Structures are given as C-alpha cells and as structure tokens.
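Per-entry structural report
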2 protein chains.
Amino acid sequence: MLTKNQIKYITQLKQKKFRDLNKVFVAEGFKVINELLNSTLLLEHIYITKQLNFTVSKEFVTEITEADLKKISSLTTPNDCLAVFKMKEDRLPKPSGLKIALDNVRDPGNLGTIIRLCDWFGIADLVCSNETVDVYNTKVVQATMGSLTRVNIFYTNLADYLKDANEPVYGTFMDGTNIYKTDLPTSGIIVMGNEANGISAEIEALLTAKIAIPRFGDLQQTESLNVATATAIILSEFKRGN
Amino acid sequence: MLTKNQIKYITQLKQKKFRDLNKVFVAEGFKVINELLNSTLLLEHIYITKQLNFTVSKEFVTEITEADLKKISSLTTPNDCLAVFKMKEDRLPKPSGLKIALDNVRDPGNLGTIIRLCDWFGIADLVCSNETVDVYNTKVVQATMGSLTRVNIFYTNLADYLKDANEPVYGTFMDGTNIYKTDLPTSGIIVMGNEANGISAEIEALLTAKIAIPRFGDLQQTESLNVATATAIILSEFKRGN
C-alpha cells in the first residue's frame, strides 16, 4: 500500500531538481535493481507487485498494487518492481589515466551507451559538462545497469576543468589527424561533443590535439557517426596497444 | 486534402506486410526526405503542411492539414512533411568484400546505427536473417537517413547464405581470439548476434573463426557490449589496416 505522499515523492523523482534535493534516484525492473543491489550503492526502498527474490531485509521492501506501480513508474509497461537508491558521492577525477569528457551530450541513450563503454574499457572517470543529460535520468539508469556504479561520473564546468588539467586533451574533428596513424597516450582526456553541434568553440580552443576517424565509403557524404559509436571506436583505438 | 483511402493506405504502411505488398515505405521530416530524394530511390508522393523547398515537380506534392498529418504520421510530434518512397530492388550481396551479417537483431535503433556504420566504413552489403527487424520500419528509416540508400540490405535465410558462402565467417564470442591480435582479412563475413541471446547455435556452427573484443575493466563483470557499439569496434579493427 502506498500513501499519497509516497506516490508524490517517487513521482517527483522523475525531475532532476527533486532527485538532487533528496540525493536519490529510481531504478526499475528486477535485473537493474539486482545489479545495483550488488554494488556499493545504498538502497532506500524497493516496491514490488509480486514476490521477488531480492537479498535485502524485509523492512526495505513494500508490496504494492499494480495500479500503484503504474502511478510511480516511468515505463510504459511497468516491470513488477521499482526501487529508490541513494546517489553515489561525487569524487574528483584522478589526475592521470585515460578519461572521457562529454561536452553537452543530450540523449540519455547515448550517455548510457558511453557509460557502458567506459566500464568495458576500464575508464575510471567520465567527466560531464553541466549541460550534459543527467546520469540519474530514468532512461540512463535503465540503459547502463551496473555500469553506472563502476564508473565515476563527475559533472562540472568542463571549460574550467580542462583549463586546470595537466594532460593532453583530444577532440574528434573531420580535419583531425587519422586516429589509426597517431600515437595515442595511456593518459589523457578525450572530449566527445553534442549530437547536433559537436564540440563547442569554447572547448575546441582548449584541445591539445584534433583526431579523426577516417571514413571509408566511396561517396564522401556529410553524414557523421553517432557520438556513442564514435566513442566506441576511439576508446578501442586508445586501448588496443600497438 | 487527404481522402479516407489515402489515410488508410499510408497508415497501413506502418505494418511490414502492407509495405511488402505495396513495395513502398514512409519517411518523415525535411532532412530525411531530402536525403532520400538525393538518392536513386523513386518517390511516390510527398505530403506537406507548409511550403517546403523540395526539388520535385508539383504533381508529386500535396498540401494537407496538420490534423491529417497527425493521422498518418508515426511520430509523436509530426514534422511538417511525410513522404512515400518505392523500395529499392534487392540485389544479391557481392561474392567478395567485407560484409556484416545480422542474426536476429531486433532493435530498430541498433539496425539503424549498424547501417550508418556500414556506410561509414564502406561496407557495400549488409545481410540480414529473415528474423531481423525490417529495414523499412519507420524508426530505422528515421535513424539511418541517407545511409539506407547507400548500403545494399539483403534479407535471407542466414544459415543457407553462410553455407553457400566461400568466405571466412567471423563471430564474436567471449572466448574468441583477441581481435587486436588477430590477422583480419579484407574479405569475409562478420556475424553479429541478437541483443539478448547473441549468435544462435545454428549460426555458430557455421562460423570459421571466433573473435573477441577484450574487456579492460578491473572487475570482470558479465555485462556485454551493445551490438551496435561492438559492430563499430569490429569494423574499425577490420578496416584500420596494420
């Protein structure tokens, strides 16, 4: 049974300002919740519509009706359970090591895919400009699953961060040097830009190197790679060794 | 002005069986339609709600109301125009050259991204199992834009196709050989599997080599790469040269 206040509290968490105020976020579905339970994240509460095998003590679980779940869920087809977790503590990115920095990436699916790529390639820190979509947006949480807890995601003023960094800063541009023929370091910052506009002029001025993923098609069309697939190729190239 | 029959005809094209019956499909929005007009595709008709600068003769364009566009559109926010195009003729994949084959890829966004990757990396042929999501699904058309017309997309019984192919057939598996340390040919077929189940047992039996994208994270979690980002990394590796 859910009270009106509980419904209001959880529904408001669809908005970033209420998530930030309460320092909590929502995850849905058995698989995602289970992955988050098996991490260092702290659970606030789980709501279930049927018996589910979560390894948490009873006081953290409330059985609710499907009608109530529908009220608090962000999914078109709610998925038997919904949990509220406490946000991770922010920590400063490490001064060295390979990092990805996002300059105003807006699509939750792209951010989710990039977080999973960072996890796969052992990238400890993902630096996001303050304009980048919120990592605790429901769509991002659903897409990243456990990766969310294994990558340190740090929101900041990206220009200030890059000015203070004592590391090479890479950005992808059509006229950059061929990434397959460039010596790539094991420590540095790789900036990925906005879906429609790429890297902003302010950030471009702070780059120390411009790289390019060569296009192999016969017809040199203007079409560009999606930011998430470009990140996949660039990370693979930085990490593969020679 | 749209007649009831026209509304019915275009609305039915949301379903694969009616698209196949009429050998046409729908594209929406100025940018997508314009890219398709600048290809070898044949236009059937464009419906617009306001004056738009398409370079086609008048008899191909009908001005309709926003209410009518809403009736025939697949988008939540219809986008000033909708066009019906004739499908491309299928052609058999070339006997040599690098190809991607999809074994039951179900997500339209993934197929769209993979088509754009094929276009980028100059892959002429994309072979799809009959169970793979339809390339003329609205979401695929909207995601791929012009790439759709530059890559030959061939649906077939994938097992039969691979049995007849005189080329090396690659598939990605966790226990495959490290792709960064494998000599990769310039001609061959790379099979990518279903989002949830990977490559099916029937297709696995037809592979000539298993490759793997190494995972670099400290914690070896079970989480896998998304099929579209895995395709990006694999294509980059096959095409980069040594």
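Residues numbered from 1 in each chain as written. Chains lettered and ligands numbered in written order. Predicted model: local features only at pLDDT ≥ 70, side-chain atom pairs only at ≥ 80, totals over all residues. Heavy atoms only, no water.

1. Side note on the packing of helix α5 (residues 108-120) of chain B against helix α10 (residues 227-239) of chain B
Geometry of a packed helix pair, given as the angle between the helix axes and the separation of the axes. All names here are of chain B. For clarity, the threshold we go by: Note on geometry: axes are lines fitted to C-alpha atoms, helical ones only across the stretch in contact, with angles between N-to-C directions running from 0 to 180 degrees. Strands are runs of DSSP state E lasting at least 2 residues, helices are runs of H or I lasting at least 4, and numbering of each runs from the N terminus. When describing relative orientation, an angle under 35 degrees is termed roughly parallel and one over 145 degrees roughly antiparallel, while 65 to 115 degrees is termed roughly perpendicular and anything else oblique. For a crossing to be left-handed, the near helix must be turned anticlockwise from the far one by less than a right angle; the clockwise case is right-handed. We call two residues contacting when some pair of their heavy atoms lies within 4.5 Å. Think of it as three bins: nonpolar holds Ala, Val, Leu, Ile, Met, Phe, Trp, Tyr, Cys and Pro, charged holds Asp, Glu, Lys and Arg, and polar takes everything else, Gly as well.
Look at α5 against α10: their axes get within 9 Å of each other, and the N-to-C directions meet at 15°. One element, α5, and the other, α10, form an angle in the roughly parallel class. The interaxial crossing formed by α5 with α10 has right-handed handedness. Contacts from N110, T113, I114, L117 and C118 in α5 reach V227, A228, T231, A232 and L235 in α10. Residues belonging to the contact of α5 with α10 are distributed by class as follows: seven nonpolar, three polar and no charged.

2. A short note on the sheet that holds strand β9 (residues 188-192) of chain B
Residues and elements named next belong to chain B. We count it as follows: Here a strand pair is declared whenever DSSP counts at least two bridges between the two strands.
Across the sheet, six strands lie side by side as β7-β6-β5-β9-β8-β10; this open sheet has parallel pairing. At either end of the open sheet lies a strand with only one pairing partner, and these are β7 (152-156) and β10 (209-212). For this sheet the average axis-to-axis angle between neighbouring strands, irrespective of direction, equals 35°. Bridge analysis of strand β6 (residues 125-129) against β7 gives five bridges, and the strand direction is parallel. Note that in β7 the partner of C128 across the bridge is Y155.

3. Structural notes on the interface of chain B and chain A
Size of an interface: often given as the accessible area lost when the parts come together. For clarity, the cut-off: Note on terms: buried area is the combined drop in 1.4 Å-probe accessible area of two parts once they are placed together, counting the loss on both. Between Lys or Arg on one side and Asp or Glu on the other, a salt bridge is scored when a side-chain nitrogen of the former is within 4 Å of a carboxyl oxygen of the latter. Within 3.5 Å is the distance limit for a polar contact, defined as a pair of N or O atoms, with the added protein rule that one can donate a hydrogen and the other accept it, and that residues adjacent in sequence qualify only through two side-chain atoms.
Listed by partner, the interface residues are 32 residues for chain B and 33 residues for chain A. For the pairing of chain B and chain A, the buried interface totals around 3,100 Å² over both sides, and the portion due to carbon and sulfur atoms is 58%. Our enumeration of links across chain B and chain A arrives at four salt bridges. For the pair chain B and chain A, the interface holds 10 residue pairs in polar contact (both at pLDDT 80 or more). Residue assignment for the side of chain B that touches chain A shows that the elements contributing at least two residues are α5, α7 (147-150) and α10 of chain B.

4. Looking at helix α3 (residues 30-37) of chain A
Spelled out, the test is: Any residue under 20% of the maximum accessible area for its type is buried, any over 50% is exposed, and the rest in between are partly exposed; the area is computed with a 1.4 Å probe on protein chains only.
Taken together, the buried positions of α3 of chain A are V32, I33, E35, L36 and L37 of chain A. Among the structural elements, β1 (24-28), β2 (43-48), β4 (81-86), α6 (138-144) and α7 (147-150) of chain A are those in contact with the buried residues of α3 of chain A.

5. Here's the deal with the relation of the copies chain B and chain A
Rule in force here: Least squares is the method for superposing the copies, and the C-alpha atoms it fits come from residues with pLDDT of at least 70 in both.
Take chain B, turn it by 180°, move it 0.0 Å along the axis, and it overlays chain A with an RMSD of 0.0 Å. Look at the turn and shift together and you get a two-fold axis relating the two. Of the interface residues in chain B, 97% have counterparts in chain A that sit at the interface too, so the contact is made through matching surfaces.

6. Things to note about the nonpolar core
The test is simple: The term nonpolar core refers to a set of buried residues drawn from Ala, Val, Leu, Ile, Met, Phe, Trp, Tyr and Cys, joined through side-chain atoms within 4.5 Å.
Residues F85, I100 and L126 of chain A together with F85, I100 and L126 of chain B are the most contacted members of the largest nonpolar core, which totals 112 residues. Ignoring sequence-local partners within four residues, the contact set of F85 of chain B consists of K23, V24, F25, A27, I33, L36, L37, L41, L42, L43 and E44 of chain B.

7. Here's the deal with the UniProt feature "domain: MRM3-like substrate binding" (unreviewed entry) in chain A
Worth spelling out the cut-off: UniProt positions are given in the numbering used here, feature names are shortened, and annotations may be inferred rather than shown by experiment.
In this numbering, the UniProt entry assigns the feature "domain: MRM3-like substrate binding" (unreviewed entry) to residues 5-83 of chain A. For residues 5-83 of chain A, the helix share is 38%, the strand share is 22%, and the end-to-end C-alpha distance is 16 Å.

8. Some points on the environment of A230 of chain A
All names here are of chain A. Its location among the elements puts A230 in helix α10 (residues 227-239). Judged by relative accessible area, which is 8%, A230 ranks as buried. The spatial distance from the C-alpha of A230 to the C-alpha of I213 is 7.8 Å, given a sequence separation of 17 residues.

9. Quick notes on the domain arrangement of chain A
Residue and element names in this part refer to chain A. Rules: What marks off one domain from the next here is an automatic or database domain assignment.
The domains assigned to chain A are domain 1 (4-86) and domain 2 (98-239). Measuring from the centre of the C-alpha atoms in domain 1 to the corresponding centre in domain 2 gives 30 Å. Each partner contributes to the roughly 1,100 Å² buried at the junction of domain 1 and domain 2, and carbon and sulfur atoms together form 63% of this total. Of all residues in domain 1, the largest losses of buried area upon contact with domain 2 belong to R19, F25 and V32, amounting jointly to 36% of the total for that side. Taken together, the connections running from domain 1 to domain 2 amount to one salt bridge. The shortest N-O distance in the salt bridge between D134 and R19 comes to 2.7 Å. Those elements that provide at least two residues to the side of domain 1 that touches domain 2 are α2 (16-22), β1 and α3. By residue class, the composition of the side of domain 1 that touches domain 2 is seven nonpolar, two polar and five charged.

10. Focus: the sheet that holds strand β3 (residues 61-63) of chain A
All names here are of chain A. Taken together, four strands build an open sheet; the order of strands is β1-β4-β2-β3 and the sheet is mixed. Whereas interior strands pair on both sides, the edge strands pair on one side only; in this sheet they are β1 and β3. Strand-to-strand twist across the sheet, computed as the mean angle between neighbouring axes with direction ignored, equals 20°. As paired elements, β2 and β4 share five bridges and run antiparallel to each other. Paired with Y47 across the bridge in β4 is L82.

11. With respect to the pairing of strand β4 (residues 81-86) of chain B
All names here are of chain B. For β4, the tally of buried residues reaches five of six residues, placing the bulk of the element in the interior. Pairing of strand β1 (residues 24-28) with β4 involves five bridges; the strand directions are antiparallel. Bridging from a neighbouring strand, V26 pairs with V84 of β4.

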